[in-house]
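A closer look at the structure
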Amino acid sequence: MTQRRRLDEFLARKAADAGAEFRDGVSVAFDDGDALVGGERVQSRAIVGADGVNGITARAFGLGRDHGHGVALEGNAPLDARYRGKLVLELGVVPGGYAWVFPKGDHANFGVGGWESEGPRLRDHLRRLCAEHDVDYDSLTDLRGYRLPYRKTTSAMARRNVLLVGDAAGLVDPLTGDGMYEAFVSAKFAAEAILAGDLSTYAPRVLAELGGLHGTSWSAKHALDRFPRLTFGIARLPFAWPVIARIVRGDLKDPGKARGLSRAPLKALDRLGKLAAPARG
C-alpha cells in the first residue's frame, strides 16, 4: 500500500521535472492576493491550496471555515506473515469509523478513526485493536493523530483566483476517511481550469464528479454507525457486494447508476442511512 513520504517525494520530483519550481522549508504567507514565499512576493493568475486540513491557504482567504472533522490515530508495528498481501478492516468497533491494519512494505500500520467526539477515546480504541491482534501497543512506532476534514454542502472550495484541492477543500470520503482519490481528481480539475483560463468551472466539476459518491458514503457511514450488523449483512449480499467492490475500486463513480438486482440493497442501505442520520443531528 502507498507510503505517503515516498508518494510525496515522487510527486515533488515529477512536478520539478515538468518545470515547476519546487521550494521546501520556506515560509508562506499571503498579502493582498499575492503569495509571499520565503519573503519574496510571487504574483500568479491562480493560487492552489493543497496544504491539507491545517493549511494556511483556506484560512487566509476565508474558505473551509464550516468543515466538519473526524479524527484518527495510527502507529506502526513490524510486518508479520498474517498481513502479507492482506489488509484488515473492522467495522462497527469505533463510532463513526472503523479500525484497520494495512501492510506497508516492511511494517504494518494499525489505526482507528471515527467521529471527532471519539478523540479522547482513540488511544483506548487503538489499544483494543492491538490486543485483539496480539500486538504490543506500547511498542508501536511513529504514533500519530490526524484530523479528517469533511466539507458540508455549503462549503466553498474556490473564491476569485483561489482554488482548494484535496484535504484543504474538505474532500475526504466520509465513509473510508481516504482522500487520495479526491486529491488527485480535484488537482486535475484545478489544473485544467487554470490552463483553460476559466476558474469558475472548477468547483462545479468537482461536485459533479464526487457528489454522488460522497452522498452514498455519508448514508453508508450513518447506517454502519447506527445499524452495523444489518448494514454489513445487506452489503455482503451476493448481488450487492460486487457493486460495492466496484465503488471501492473507483470503477463506479456514482452508485446511483448501478443497475440490476444490486439496486435494491443499495436503496435499502440509503434508507438505513437516512434513518440513522438524525441521530447525529
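Here, every reference points to the structure presented above.
What comes next concerns the included structure. Every value quoted in this text rests on a predicted model; they were computed, and no experiment measured them. (Residues numbered from 1 in each chain as written. Predicted model: local features only at pLDDT ≥ 70, side-chain atom pairs only at ≥ 80, totals over all residues. Heavy atoms only, no water.)

1. Quick word on the sheet that holds strand β2 (residues 34–37)
Spatially, 3 strands are ordered β1-β2-β3 in an open sheet, and the strand pairing comes out antiparallel. With partners counted over all chains shown, the strands left at the sheet margins are β1 (28–31) and β3 (40–42), one partner each. Averaged over all pairs of adjacent strands, the angle between strand axes in this sheet comes to 30°, irrespective of strand direction. Relative to β3, β2 runs antiparallel, the two sharing 3 bridges. Following the sheet pairing, Ala35 is matched in β3 by Val42. (Pairing = 2+ DSSP bridges. Helix = DSSP H or I, 4+ residues; strand = E, 2+ residues; numbered from the N terminus. Axes fitted to C-alpha atoms, helices over the stretch in contact; angles between N-to-C directions.)

2. Considering the sheet that holds strand β10 (residues 158–159)
As summarised here, the arrangement of the 3 strands in space is β4-β11-β10, forming an open sheet in which the pairing is mixed. The open sheet has two free edges, formed respectively by β4 (47–49) and β10, since each of these has just one partner strand. Here 2 bridges tie β10 to strand β11 (residues 162–164), and the two strands are oriented antiparallel to one another. When the bridges of β11 are listed, Ala158 appears paired with Leu163.

3. Some words on the pairing of strand β7 (residues 98–104)
For β7, the tally of buried residues reaches 7 of 7 residues, placing the bulk of the element in the interior. Neither face of β7 is left uncovered, since the one carrying Tyr98, Trp100, Phe102 and Lys104 and the one carrying Ala99, Val101 and Pro103 both have all their residues buried. In this structure, strand β6 (residues 88–91) lies alongside β7, joined through 4 bridges in antiparallel fashion. In the sheet register, Val88 faces β7, and the bridge partner there is Val101. Adjacent in sequence and paired antiparallel, β6 and β7 are bridged by 6 residues, among which Gly92 carries a positive phi angle near 75°. Where β7 meets strand β8 (residues 107–115), 7 bridges bridge the pair, whose relative direction is antiparallel. Residue pairing across strands places Ala99 opposite Val112, the latter belonging to β8. (Buried < 20%, exposed > 50% of the residue type's maximum accessible area, 1.4 Å probe, protein only.)

4. Some remarks on the side chain of Asn109
Along the chain, the position of Asn109 falls in strand β8. Within the structure, the side chain of Asn109 is placed 3.3 Å from the side chain of Glu74, a separation counted as a polar contact. Looking at Asn109, its side chain comes within polar contact range of the side chain of Asn76, at 3.0 Å. Once you skip the residues sitting within four places of it in the chain, Asn109 turns out to touch Glu74, Gly75, Asn76, Trp100, Val101, Phe102 and Lys104. (Polar contact = N/O pair within 3.5 Å; in protein donor to acceptor, adjacent residues only side chain to side chain. Contact = heavy atoms within 4.5 Å.)

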